[in-house]
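# Descriptive analysis of the structure
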Amino acid sequence: MKKIVVTGAGGFIAGHLVKELIKTGNKVRAVDIKPLNEWYQVFSEADNLVLDLRLMENCYQAVNGCNEVFNLAADMGGMGYIENNKAACMISVLINTHLLIASRDCGLDRYFYSSSACVYNAEKQTDPDNPGLKESDAYPALAEDGYGWEKLFSERMCRHFSEDFGLITRVARYHNVYGPYGTYDGGREKAPAAICRKVTSAAMTGEKEIVIWGDGHQTRSFTYIDDCVKGTIDIMYSDIDEPLNLGSSEIVSINQLVDIVEEIAGYTLERKCDLSAPKGVRGRNSDNTLIRQYLGWEPSTPLRDGIQRTFTWIGEQIRKDQSERTGINRFNK
Ligand code: NAD
(Lines give C-alpha, C1' and ligand atoms only; values in the text may rest on other atoms or scores of the structure.)
Protein backbone atom coordinates (compact mmCIF):
# COMPACT_ATOMS: atom_id res chain seq x y z
CA MET A 1 0.00 0.00 0.00
CA LYS A 2 1.35 3.45 -0.82
CA LYS A 3 2.03 5.94 1.94
CA ILE A 4 1.08 9.58 1.54
CA VAL A 5 2.57 12.56 3.39
CA VAL A 6 0.23 15.47 4.10
CA THR A 7 1.93 18.62 5.37
CA GLY A 8 0.12 21.39 7.23
CA ALA A 9 -2.05 18.59 8.60
CA GLY A 10 -2.73 20.44 11.83
CA GLY A 11 -4.41 23.19 9.83
CA PHE A 12 -7.73 23.58 8.09
CA ILE A 13 -7.62 22.13 4.57
CA ALA A 14 -4.97 19.47 5.18
CA GLY A 15 -6.86 18.20 8.24
CA HIS A 16 -9.88 17.49 6.03
CA LEU A 17 -7.62 15.98 3.37
CA VAL A 18 -6.06 13.56 5.88
CA LYS A 19 -9.55 12.49 6.92
CA GLU A 20 -10.56 11.78 3.33
CA LEU A 21 -7.33 9.94 2.46
CA ILE A 22 -7.71 7.69 5.51
CA LYS A 23 -11.38 7.10 4.71
CA THR A 24 -10.47 5.95 1.20
CA GLY A 25 -7.99 3.39 2.55
CA ASN A 26 -4.64 5.16 2.36
CA LYS A 27 -1.75 5.10 4.82
CA VAL A 28 -1.08 8.70 5.81
CA ARG A 29 1.77 10.53 7.52
CA ALA A 30 0.45 13.85 8.83
CA VAL A 31 2.99 16.61 9.55
CA ASP A 32 2.72 20.07 11.09
CA ILE A 33 4.87 22.46 13.09
CA LYS A 34 2.19 23.00 15.75
CA PRO A 35 2.12 20.83 18.89
CA LEU A 36 -0.39 18.01 18.41
CA ASN A 37 -2.84 19.45 20.95
CA GLU A 38 -3.23 22.53 18.70
CA TRP A 39 -4.08 20.62 15.52
CA TYR A 40 -7.61 21.31 14.32
CA GLN A 41 -8.19 17.61 13.65
CA VAL A 42 -6.07 14.64 14.74
CA PHE A 43 -6.55 11.10 13.41
CA SER A 44 -5.06 8.26 15.40
CA GLU A 45 -4.90 6.12 12.22
CA ALA A 46 -2.28 8.51 10.78
CA ASP A 47 1.41 8.63 11.64
CA ASN A 48 1.37 12.14 13.19
CA LEU A 49 4.66 14.07 13.26
CA VAL A 50 5.48 17.52 14.66
CA LEU A 51 8.23 18.99 12.48
CA ASP A 52 9.33 22.41 11.29
CA LEU A 53 9.44 21.85 7.53
CA ARG A 54 11.48 24.98 6.87
CA LEU A 55 14.44 22.78 7.87
CA MET A 56 15.92 20.48 5.25
CA GLU A 57 16.62 17.56 7.63
CA ASN A 58 13.00 17.59 8.81
CA CYS A 59 11.76 17.38 5.22
CA TYR A 60 13.86 14.23 4.70
CA GLN A 61 12.32 12.79 7.87
CA ALA A 62 8.83 13.75 6.69
CA VAL A 63 9.01 12.07 3.28
CA ASN A 64 11.28 9.14 4.06
CA GLY A 65 9.55 5.82 3.26
CA CYS A 66 6.61 7.54 1.56
CA ASN A 67 5.43 7.62 -2.05
CA GLU A 68 3.56 10.91 -2.43
CA VAL A 69 3.34 14.37 -0.86
CA PHE A 70 0.47 16.81 -0.52
CA ASN A 71 2.22 20.02 0.58
CA LEU A 72 -0.26 22.34 2.30
CA ALA A 73 2.06 23.71 4.98
CA ALA A 74 2.48 27.48 4.89
CA ASP A 75 2.61 30.43 7.22
CA MET A 76 -0.60 32.11 6.12
CA GLY A 77 -3.93 33.66 7.02
CA GLY A 78 -6.57 36.05 5.73
CA MET A 79 -5.89 39.55 4.37
CA GLY A 80 -5.25 40.93 7.86
CA TYR A 81 -2.41 38.45 8.29
CA ILE A 82 -0.78 38.37 4.88
CA GLU A 83 -0.73 42.16 4.43
CA ASN A 84 1.08 42.58 7.75
CA ASN A 85 3.41 39.55 7.61
CA LYS A 86 4.88 39.56 4.11
CA ALA A 87 8.34 38.30 5.11
CA ALA A 88 6.91 35.49 7.24
CA CYS A 89 4.68 34.41 4.33
CA MET A 90 7.65 34.43 1.94
CA ILE A 91 9.72 32.26 4.28
CA SER A 92 7.30 29.42 3.43
CA VAL A 93 9.39 29.17 0.26
CA LEU A 94 11.78 27.11 2.41
CA ILE A 95 9.07 24.54 3.12
CA ASN A 96 8.26 23.89 -0.53
CA THR A 97 11.88 24.06 -1.69
CA HIS A 98 13.19 21.64 0.93
CA LEU A 99 10.23 19.30 0.49
CA LEU A 100 10.80 19.18 -3.27
CA ILE A 101 14.51 18.41 -2.80
CA ALA A 102 13.75 15.71 -0.22
CA SER A 103 11.02 14.23 -2.47
CA ARG A 104 13.42 14.10 -5.40
CA ASP A 105 16.25 12.59 -3.36
CA CYS A 106 14.01 10.00 -1.68
CA GLY A 107 12.48 8.99 -5.01
CA LEU A 108 8.88 9.97 -4.35
CA ASP A 109 6.43 9.49 -7.22
CA ARG A 110 4.11 12.48 -7.04
CA TYR A 111 3.93 15.91 -5.38
CA PHE A 112 1.01 18.31 -4.86
CA TYR A 113 1.47 22.01 -4.12
CA SER A 114 -1.30 24.25 -2.73
CA SER A 115 -1.03 27.57 -4.53
CA SER A 116 -3.45 30.47 -4.35
CA ALA A 117 -5.54 32.98 -6.28
CA CYS A 118 -3.12 35.49 -4.75
CA VAL A 119 -0.72 34.69 -7.63
CA TYR A 120 -2.94 36.62 -10.07
CA ASN A 121 -1.92 39.95 -11.54
CA ALA A 122 -3.39 42.74 -9.38
CA GLU A 123 -4.21 44.83 -12.47
CA LYS A 124 -6.71 42.17 -13.56
CA GLN A 125 -8.58 42.52 -10.26
CA THR A 126 -9.51 46.19 -10.15
CA ASP A 127 -13.18 45.74 -11.14
CA PRO A 128 -15.73 44.24 -8.69
CA ASP A 129 -17.45 42.63 -11.71
CA ASN A 130 -14.49 40.34 -12.25
CA PRO A 131 -15.49 37.86 -14.99
CA GLY A 132 -13.18 35.20 -13.54
CA LEU A 133 -9.42 34.88 -13.50
CA LYS A 134 -8.05 32.50 -16.10
CA GLU A 135 -4.90 30.55 -15.26
CA SER A 136 -2.99 32.61 -17.83
CA ASP A 137 -3.84 35.80 -15.89
CA ALA A 138 -0.96 35.10 -13.48
CA TYR A 139 1.38 36.53 -16.14
CA PRO A 140 2.81 39.08 -16.66
CA ALA A 141 3.44 38.67 -12.94
CA LEU A 142 2.13 41.19 -10.43
CA ALA A 143 1.12 38.91 -7.60
CA GLU A 144 -0.11 39.82 -4.10
CA ASP A 145 2.93 41.30 -2.39
CA GLY A 146 4.70 38.78 -0.13
CA TYR A 147 2.38 35.78 0.07
CA GLY A 148 1.39 35.77 -3.64
CA TRP A 149 4.96 36.05 -4.91
CA GLU A 150 6.01 33.12 -2.73
CA LYS A 151 3.17 31.05 -4.19
CA LEU A 152 4.06 32.00 -7.77
CA PHE A 153 7.76 31.23 -7.24
CA SER A 154 6.95 27.88 -5.60
CA GLU A 155 4.60 26.95 -8.47
CA ARG A 156 7.49 27.46 -10.88
CA MET A 157 9.83 25.51 -8.66
CA CYS A 158 7.37 22.58 -8.95
CA ARG A 159 7.30 22.95 -12.71
CA HIS A 160 11.10 22.93 -12.99
CA PHE A 161 11.46 19.93 -10.66
CA SER A 162 9.18 18.09 -13.11
CA GLU A 163 11.09 19.25 -16.16
CA ASP A 164 14.60 18.80 -14.77
CA PHE A 165 14.25 15.84 -12.39
CA GLY A 166 11.12 14.01 -13.55
CA LEU A 167 9.23 14.42 -10.26
CA ILE A 168 5.51 14.52 -11.13
CA THR A 169 4.12 17.75 -9.64
CA ARG A 170 0.56 19.05 -9.55
CA VAL A 171 -0.58 22.54 -8.54
CA ALA A 172 -3.99 23.88 -7.51
CA ARG A 173 -4.72 27.59 -7.12
CA TYR A 174 -7.18 27.70 -4.23
CA HIS A 175 -9.71 30.53 -4.09
CA ASN A 176 -10.84 31.43 -0.53
CA VAL A 177 -11.62 28.09 1.07
CA TYR A 178 -14.01 28.01 4.03
CA GLY A 179 -15.85 25.52 6.22
CA PRO A 180 -15.86 23.79 9.61
CA TYR A 181 -12.50 23.27 11.38
CA GLY A 182 -11.14 26.46 9.81
CA THR A 183 -9.51 29.33 11.70
CA TYR A 184 -12.24 31.63 13.00
CA ASP A 185 -10.40 33.93 15.40
CA GLY A 186 -6.92 35.00 16.46
CA GLY A 187 -6.03 37.18 13.43
CA ARG A 188 -5.47 34.57 10.69
CA GLU A 189 -9.16 34.02 9.90
CA LYS A 190 -10.64 34.84 6.49
CA ALA A 191 -13.79 36.81 5.70
CA PRO A 192 -16.45 34.04 5.87
CA ALA A 193 -15.26 32.78 9.28
CA ALA A 194 -14.71 36.31 10.62
CA ILE A 195 -18.22 37.39 9.59
CA CYS A 196 -19.81 34.22 11.02
CA ARG A 197 -17.95 34.82 14.31
CA LYS A 198 -18.87 38.51 14.49
CA VAL A 199 -22.56 37.93 13.74
CA THR A 200 -22.78 34.98 16.16
CA SER A 201 -21.15 36.87 18.99
CA ALA A 202 -23.25 39.98 18.33
CA ALA A 203 -26.43 37.89 18.41
CA MET A 204 -25.30 36.36 21.72
CA THR A 205 -24.33 39.63 23.38
CA GLY A 206 -26.99 41.88 21.83
CA GLU A 207 -24.42 44.04 20.06
CA LYS A 208 -25.92 46.16 17.24
CA GLU A 209 -22.96 46.94 14.97
CA ILE A 210 -20.59 44.99 12.72
CA VAL A 211 -17.30 46.33 11.38
CA ILE A 212 -16.72 45.57 7.67
CA TRP A 213 -13.22 45.80 6.21
CA GLY A 214 -13.28 48.19 3.24
CA ASP A 215 -16.52 49.52 1.77
CA GLY A 216 -18.07 46.05 1.46
CA HIS A 217 -18.38 46.29 -2.33
CA GLN A 218 -15.20 44.30 -3.00
CA THR A 219 -16.04 40.88 -4.48
CA ARG A 220 -14.76 37.35 -4.02
CA SER A 221 -15.82 33.75 -4.60
CA PHE A 222 -15.63 31.22 -1.78
CA THR A 223 -14.94 27.49 -2.04
CA TYR A 224 -16.52 25.04 0.39
CA ILE A 225 -14.02 22.66 2.00
CA ASP A 226 -15.58 19.43 0.65
CA ASP A 227 -15.24 20.74 -2.92
CA CYS A 228 -11.66 21.78 -2.17
CA VAL A 229 -10.70 18.32 -0.90
CA LYS A 230 -12.30 16.58 -3.89
CA GLY A 231 -10.62 18.95 -6.33
CA THR A 232 -7.25 18.56 -4.59
CA ILE A 233 -7.36 14.77 -4.95
CA ASP A 234 -8.65 14.97 -8.53
CA ILE A 235 -5.86 17.37 -9.53
CA MET A 236 -3.18 15.31 -7.75
CA TYR A 237 -4.07 12.13 -9.65
CA SER A 238 -4.77 13.82 -12.99
CA ASP A 239 -2.29 14.06 -15.84
CA ILE A 240 -2.49 17.87 -15.86
CA ASP A 241 0.91 19.37 -15.15
CA GLU A 242 -0.09 23.05 -15.27
CA PRO A 243 -1.58 24.99 -12.32
CA LEU A 244 -5.39 24.82 -12.19
CA ASN A 245 -7.90 27.08 -10.49
CA LEU A 246 -9.73 25.34 -7.68
CA GLY A 247 -12.44 27.81 -6.79
CA SER A 248 -16.13 28.53 -6.94
CA SER A 249 -17.37 30.92 -9.62
CA GLU A 250 -20.28 32.16 -7.47
CA ILE A 251 -19.08 35.73 -6.99
CA VAL A 252 -20.46 37.89 -4.16
CA SER A 253 -19.59 41.19 -2.55
CA ILE A 254 -18.59 41.22 1.10
CA ASN A 255 -21.88 43.01 1.79
CA GLN A 256 -23.77 40.14 0.15
CA LEU A 257 -21.78 37.67 2.24
CA VAL A 258 -22.83 39.57 5.38
CA ASP A 259 -26.47 39.49 4.14
CA ILE A 260 -26.28 35.69 3.87
CA VAL A 261 -24.81 35.28 7.36
CA GLU A 262 -27.36 37.68 8.89
CA GLU A 263 -30.20 35.85 7.19
CA ILE A 264 -28.96 32.49 8.54
CA ALA A 265 -28.51 33.98 12.02
CA GLY A 266 -31.86 35.79 11.91
CA TYR A 267 -30.03 38.82 13.25
CA THR A 268 -29.34 42.08 11.39
CA LEU A 269 -26.59 44.52 12.29
CA GLU A 270 -25.71 48.06 11.45
CA ARG A 271 -22.61 48.09 9.22
CA LYS A 272 -19.64 50.28 9.94
CA CYS A 273 -16.98 50.33 7.20
CA ASP A 274 -13.33 50.45 8.24
CA LEU A 275 -11.71 51.89 5.12
CA SER A 276 -8.23 51.69 6.64
CA ALA A 277 -8.41 47.91 7.22
CA PRO A 278 -6.65 45.48 4.84
CA LYS A 279 -9.08 44.72 2.00
CA GLY A 280 -7.05 43.14 -0.82
CA VAL A 281 -7.96 43.43 -4.48
CA ARG A 282 -11.26 44.99 -5.64
CA GLY A 283 -12.72 41.99 -7.47
CA ARG A 284 -11.67 38.34 -7.67
CA ASN A 285 -13.43 35.33 -9.14
CA SER A 286 -12.42 31.94 -10.50
CA ASP A 287 -12.70 31.06 -14.19
CA ASN A 288 -13.34 27.31 -14.18
CA THR A 289 -13.10 26.60 -17.89
CA LEU A 290 -9.89 24.56 -17.56
CA ILE A 291 -10.85 22.42 -14.57
CA ARG A 292 -14.21 21.65 -16.23
CA GLN A 293 -12.50 20.80 -19.49
CA TYR A 294 -9.72 18.65 -17.97
CA LEU A 295 -11.49 16.99 -15.03
CA GLY A 296 -15.16 17.31 -16.04
CA TRP A 297 -15.88 18.89 -12.68
CA GLU A 298 -15.82 22.16 -10.77
CA PRO A 299 -16.67 23.20 -7.20
CA SER A 300 -20.42 23.45 -6.85
CA THR A 301 -21.56 23.76 -3.22
CA PRO A 302 -23.89 26.79 -3.15
CA LEU A 303 -22.44 29.52 -0.95
CA ARG A 304 -25.51 29.66 1.26
CA ASP A 305 -25.34 25.91 2.04
CA GLY A 306 -21.64 26.04 2.86
CA ILE A 307 -22.05 29.14 5.00
CA GLN A 308 -24.95 27.55 6.86
CA ARG A 309 -22.71 24.59 7.85
CA THR A 310 -19.80 26.88 8.73
CA PHE A 311 -21.98 29.22 10.77
CA THR A 312 -23.37 26.30 12.77
CA TRP A 313 -19.89 24.95 13.50
CA ILE A 314 -18.46 28.35 14.51
CA GLY A 315 -21.45 28.96 16.78
CA GLU A 316 -20.77 25.63 18.51
CA GLN A 317 -17.08 26.53 18.99
CA ILE A 318 -17.90 29.96 20.41
CA ARG A 319 -20.37 28.51 22.88
CA LYS A 320 -17.83 25.81 23.85
CA ASP A 321 -15.06 28.41 24.27
CA GLN A 322 -17.37 30.56 26.32
CA SER A 323 -18.27 27.81 28.72
CA GLU A 324 -14.63 26.68 29.02
CA ARG A 325 -13.28 30.18 29.58
CA THR A 326 -15.93 31.77 31.72
CA GLY A 327 -15.11 35.40 32.29
CA ILE A 328 -12.79 35.74 29.28
CA ASN A 329 -14.35 37.43 26.27
CA ARG A 330 -12.88 36.17 22.97
CA PHE A 331 -15.58 37.88 20.87
CA ASN A 332 -15.04 40.73 18.42
CA LYS A 333 -11.27 40.60 18.57
P1 NAD B 1 -3.82 26.71 7.79
O2 NAD B 1 -3.06 27.87 8.34
O3 NAD B 1 -5.03 26.27 8.51
O4 NAD B 1 -2.85 25.46 7.61
C5 NAD B 1 -1.48 25.58 7.31
C6 NAD B 1 -0.71 24.73 8.30
O7 NAD B 1 0.69 24.77 7.96
C8 NAD B 1 -0.83 25.22 9.74
O9 NAD B 1 -1.38 24.23 10.58
C10 NAD B 1 0.59 25.55 10.13
O11 NAD B 1 0.91 25.24 11.49
C12 NAD B 1 1.40 24.68 9.17
N13 NAD B 1 2.76 25.18 9.03
C14 NAD B 1 3.17 26.47 8.93
N15 NAD B 1 4.49 26.55 8.91
C16 NAD B 1 4.95 25.28 9.00
C17 NAD B 1 6.25 24.71 9.05
N18 NAD B 1 7.35 25.47 9.01
N19 NAD B 1 6.36 23.36 9.14
C20 NAD B 1 5.25 22.58 9.20
N21 NAD B 1 4.01 23.06 9.17
C22 NAD B 1 3.85 24.39 9.06
O23 NAD B 1 -4.15 27.09 6.28
P24 NAD B 1 -5.13 26.40 5.23
O25 NAD B 1 -6.23 27.34 5.00
O26 NAD B 1 -5.44 25.01 5.61
O27 NAD B 1 -4.20 26.43 3.94
C28 NAD B 1 -3.50 25.26 3.48
C29 NAD B 1 -2.70 25.63 2.24
O30 NAD B 1 -3.57 26.14 1.24
C31 NAD B 1 -1.64 26.72 2.47
O32 NAD B 1 -0.51 26.44 1.66
C33 NAD B 1 -2.32 27.97 1.96
O34 NAD B 1 -1.40 28.95 1.56
C35 NAD B 1 -3.13 27.42 0.81
N36 NAD B 1 -4.29 28.27 0.47
C37 NAD B 1 -5.34 28.35 1.33
C38 NAD B 1 -6.42 29.16 1.01
C39 NAD B 1 -7.62 29.29 1.92
O40 NAD B 1 -8.57 29.97 1.55
N41 NAD B 1 -7.65 28.64 3.08
C42 NAD B 1 -6.42 29.90 -0.19
C43 NAD B 1 -5.32 29.80 -1.04
C44 NAD B 1 -4.26 28.96 -0.70
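Residues numbered from 1 in each chain as written. Predicted model: local features only at pLDDT ≥ 70, side-chain atom pairs only at ≥ 80, totals over all residues. Heavy atoms only, no water.

### Description of the overall build of the protein
Tallying secondary structure elements over the protein gives eleven helices and 13 strands in all. Over its C-alpha trace the protein gives a radius of gyration of 19 Å, about what one expects of a compact globule, namely 20 Å for 333 residues. Across its three principal directions, the C-alpha atoms of the protein cover 60 × 45 × 35 Å. Every one of the 333 residues in the protein was classed for burial, and the buried ones make up 56%. Pairs at least 24 apart in sequence give 78% of the contacts found in the protein among residues at least 6 apart. Element-wise, carbon and sulfur atoms account for 50% of the exposed surface of the protein, whose accessible area totals about 14200 Å². Across the protein, the centroid of the 38 positively charged side chains sits 2 Å from that of the 46 negatively charged ones. (Helix = DSSP H or I, 4+ residues; strand = E, 2+ residues; numbered from the N terminus. Rg over C-alpha atoms; globule rule 2.2 N^0.38 Å. Buried < 20%, exposed > 50% of the residue type's maximum accessible area, 1.4 Å probe, protein only. Contact = heavy atoms within 4.5 Å. Areas by Shrake-Rupley, 256 points an atom, 1.4 Å probe, with all protein chains shown as cover. Lys, Arg positive; Asp, Glu negative; His and termini not counted. Charge placed at Lys NZ, Arg CZ, Asp CG, Glu CD.)

### Re the confidence of the model for the protein
Across the protein, the average pLDDT comes to 96, with 98% of residues at or above 70. For residues 328–333, every residue scores under 50 in pLDDT, and the model assigns this stretch 16 contacts once sequence neighbours within four places are set aside. (pLDDT = per-residue confidence, 0-100.)

### Some remarks on the packing of helix α7 (residues 191–205) against helix α9 (residues 254–265)
Two elements in contact, α7 and α9, have axes whose closest approach is 10 Å; the angle formed by their N-to-C orientations is 40°. When the axis of α7 is compared with that of α9, the two are oblique. Considering how the two elements wind past one another, α7 and α9 form a crossing that is right-handed. Facing A191, P192, I195, C196 and V199 of α7, the residues of α9 in contact are I254, L257, V258, V261 and A265. Per-class residue counts for the contact of α7 with α9 are ten nonpolar, no polar and no charged. (Axes fitted to C-alpha atoms, helices over the stretch in contact; angles between N-to-C directions. Parallel < 35°, antiparallel > 145°, perpendicular 65-115°, else oblique. Left-handed = near helix turned anticlockwise from the far one by under 90°. Nonpolar A, V, L, I, M, F, W, Y, C, P; charged D, E, K, R; others polar.)

### With respect to the packing of aromatic side chains
Any pair of aromatic rings gets described here by the distance separating the centres and the angle formed by the planes. One pass over the full model with this rule turns up seven aromatic pairs. Seen in terms of ring centroids, F70 and Y237 are 6.3 Å apart; in terms of plane orientation they differ by 75°. Their pairing is edge-to-face. Here F70 is found in strand β4 (residues 68–71), whereas its partner Y237 is found in the loop between α8 (225–236) and β11 (244–246), with 167 residues between them in sequence. Taken together, a centroid distance of 6.3 Å and an interplanar angle of 35° make the contact between F112 and Y174 tilted. Of the two residues, F112 sits in strand β5 (residues 110–116) while Y174 sits in strand β6 (residues 168–174), which places them 62 residues apart along the sequence. By relative accessible area, Y174 is classed as buried at 7%. A cation sits over an aromatic face here: K34 above Y40, 4.1 Å from the ring centre. Against the face of F165 rests R104, its NZ or CZ located 4.6 Å from the ring centre. (Phe/Tyr/Trp six-rings, centres within 6.5 Å; stacked < 30°, edge-to-face > 60°. Lys NZ or Arg CZ within 6 Å of the ring centre and 35° of its normal.)

### Considerations on α7
End to end, α7 covers 21 Å across 15 residues, agreeing with the expected 21 Å (1.5 Å per residue, within 8%). Taking burial as the measure, the 15 residues of α7 include eleven buried ones, the bulk of the element. The set of residues buried in α7 consists of P192, A193, A194, I195, C196, R197, K198, V199, T200, S201 and A202. Considering only its buried residues, α7 is in contact with β7 (177–178), β8 (209–213), α9 and α11 (303–324). (Expected span 1.5 Å × (residues − 1).)

### Side note on the sheet that holds β11
If you walk across this open sheet you meet the seven strands as β3-β2-β1-β4-β5-β6-β11, and the pairing is parallel. One side of each edge strand has no neighbouring strand; the edge strands of this open sheet are β3 (47–50) and β11. In this sheet, adjacent strand axes meet at a mean angle of 20° when their direction is disregarded. Strand direction decides the pairing type here: strand β1 (residues 3–7) and strand β2 (residues 27–32), joined by five bridges, are parallel. (Pairing = 2+ DSSP bridges.)

### Examining a nonpolar patch on the surface
Together, L36, V42 and V50 give the surface a local cluster of nonpolar side chains, amounting to about 220 Å² of exposed area. Its location among the elements puts V42 in the loop between β2 and β3. (Patch = residues over 30% accessible without salt bridge, like charges linked within 9 Å, V, L, I, M, F, W, Y side chains within 5 Å. Salt bridge = Lys/Arg side-chain N within 4 Å of Asp/Glu carboxyl O.)

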